[in-house]
Amino acid sequence: MSMKCTMRQLFETEPYVLAPEIYDCISARAVEECGFKATVLSSAELANSYGLPDLGLLTQTDVVEATRRICRYSNLPMIVDAEEGFGRALNAYRTAELLAAAGAGGVLMTDLNEIGLKGSLDIKEAKERFKAAAMALKGTDCILVARTEYQPTEGLQAACDRCNHYIDVGADMVLIHFGINPYDGDKMEMCDFVSKRVPGWKWFPDLNADDHVNLAEIAKLGFVFTGVHYLQTSAMQSMLDYGVQVFRRQDNCYKDTNRVAPKEIAPATMMDFDKWFSREQEILSDPDLDLKGNYKMFYHHGFIPADRVKPE
């Protein structure tokens, strides 16, 4: 499915973008129904969905296939976390090329060397990585995001210097990350510091519960994009909450009336149902298709509108 709009177009029409970090088609669907306009394919949450910890264990094929699968379903522009690009600079080129072809709206790469076990690449090698990725994305609708780590021993200025090097070789947006080395300073002051030293679009590090920042205000400083992790945690908590009740009650009648969700949203079992039903109906030309096979099950559960099917 083609993107509704590119990330560039989104930045032209929106003062800033808050993008949830997703990991599959269902999480992408939930995000879109809530009104968000872009997503991030989280390498950490994608790894967890494979039953793996966030230790760089996913392969290039894993990430490309997940991207292709989600982009075929969702038309929200999605920035994909491609970590270190899966190898040397030439691998970074191929990774970016494959992700753009799979439908990604952006590719995020870091300047870390082997998920940080050996620190960051030296500037020369890091620039080669981002130069390669930028070359691969040239002429596409996919932007390149260059991520660097905040290193307390080097200070915020060093991170800004790295960002400017990466912009020089083609990065469209930069991200100074505080995940490995937490930043103890005031985040608003950090944004102001970086804005005076790094031009263009900037990504505010993952929005946490204790980040007391105003997104509209930091957008004025160039921080027009913010990722937010909540989907995997909320999904797990909801499944545990519902599952405990089902186990205790030994029935499936539990409802939490305090939950708030968009009204009249079809269940996950109906994802893209209309498209596939219409396609098979066109192929088979069967007027009774609604009452056959799994379509009959959908009818009995009330998922197919009554005016579209024949009563038994």
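K.L.:
What am I meant to see in the overall build of the protein here?
P.N.:
From N to C terminus, the protein includes twelve helices and eight strands. For the protein, the C-alpha atoms occupy an extent of roughly 70 × 45 × 35 Å along the three principal directions. Looking at the protein as a whole, 41% of its 312 residues are labelled buried. Expressed as a percentage of contacts within the protein between residues at least 6 apart in sequence, the contacts between residues at least 24 apart total 65%. Summed over all atoms, the accessible surface of the protein reaches about 16700 Å², with 52% contributed by carbon and sulfur. Side-chain charges in the protein split into 33 positive and 46 negative, and the spacing between the mean points of these groups amounts to 3 Å.

K.L.:
What am I meant to see in helix 8 (residues 187-195) here?
P.N.:
An α-helix turns once every 3.6 residues. As a result, residues three or four positions apart point the same way. Burial in helix 8 covers these residues: K187, M190, C191 and V194. The buried side chains of helix 8 occupy one side of the element, clustering within an arc of 100° when seen end-on. Where helix 8 is buried, its residues contact helix 7 (156-168), strand 6 (173-177), strand 7 (201-204), helix 9 (215-219) and strand 8 (223-228). The opening residue of helix 8 is D186, an N-cap whose side-chain oxygen sits 2.9 Å from the backbone nitrogen of M188.

K.L.:
Please explain the pairing of strand 3 (residues 78-81) as it appears in this structure.
P.N.:
Moving residue by residue along a regular strand, the side chains alternate between the two faces of the sheet. Along strand 3, one buried face is formed by M78 and V80 and the opposite face, lined by I79 and D81, is buried too. Direction of pairing for strand 2 (residues 39-41) relative to strand 3: parallel, over a ladder of three bridges. The partner of L41 across the bridge, within strand 3, is V80. Taken together, strand 3, helix 5 (residues 89-102) and strand 4 (residues 106-110) form a β-α-β motif whose crossover is right-handed.

K.L.:
In this structure, what is going on with the sheet that holds strand 7? I would like to understand it.
P.N.:
In a beta sheet, neighbouring strands pair by backbone hydrogen bonds and run either parallel or antiparallel. Overall, parallel pairing links the eight strands, which are arranged 1-2-3-4-5-6-7-8 in a closed barrel. Geometrically, the sheet is characterised by an average inter-axis angle of 25° between neighbouring strands, direction not taken into account. By the bridge criterion, five bridges tie strand 4 to strand 5 (residues 143-149) in an arrangement that is parallel. Each residue of the ladder has a partner; that of M109, found in strand 5, is A146. In the packing of helix 6 (residues 123-137) onto the sheet, contacts are made with strand 4 and strand 5, and the angle to strand 5 comes to roughly 165°.

K.L.:
What's the story with empty space enclosed by the protein in this structure? I'm lost.
P.N.:
It is a probe the size of a water molecule, rolled over the atoms, that shows where empty space is left. Evaluation of the coordinates by the stated rule reveals one cavity of 30 Å³ or more. Approximately 40 Å³ is the volume found for the largest cavity. As for the largest cavity, its lining consists of C163, V174, I176, M190, V194, K202, W203, P205 and F223. Of the residues contributing to the lining of the largest cavity, the split by class is eight nonpolar, no polar and one charged.

K.L.:
Can you help me understand the nonpolar core in this one?
P.N.:
For soluble globular proteins, the rule of thumb is that nonpolar side chains tend to be buried together. Core analysis: the largest hydrophobic core is formed by 57 residues, its most contacted members being L99, M109, I176, M190 and V194. Membership of the second largest hydrophobic core comes to 17 residues, among which are V17, V40, I143 and V224.

Thresholds, definitions, all that
Residues numbered from 1 in each chain as written. Predicted model: local features only at pLDDT ≥ 70, side-chain atom pairs only at ≥ 80, totals over all residues. Heavy atoms only, no water. Helix = DSSP H or I, 4+ residues; strand = E, 2+ residues; numbered from the N terminus. Buried < 20%, exposed > 50% of the residue type's maximum accessible area, 1.4 Å probe, protein only. Contact = heavy atoms within 4.5 Å. Areas by Shrake-Rupley, 256 points an atom, 1.4 Å probe, with all protein chains shown as cover. Lys, Arg positive; Asp, Glu negative; His and termini not counted. Charge placed at Lys NZ, Arg CZ, Asp CG, Glu CD. Arc of directions from axis to C-beta. Polar contact = N/O pair within 3.5 Å; in protein donor to acceptor, adjacent residues only side chain to side chain. Pairing = 2+ DSSP bridges. Right-handed = clockwise from strand over helix to strand, strands pointing away. Axes fitted to C-alpha atoms, helices over the stretch in contact; angles between N-to-C directions. 1 Å grid on protein atoms, 1.4 Å probe; cavity = no way out; pocket = protein on both sides within 12 Å on 5 of 7 lines; lining within 4 Å. Points joined across faces, edges and corners; volume = space filled by probe spheres on them. Nonpolar A, V, L, I, M, F, W, Y, C, P; charged D, E, K, R; others polar. Core = buried A, V, L, I, M, F, W, Y, C linked by side-chain atoms within 4.5 Å.

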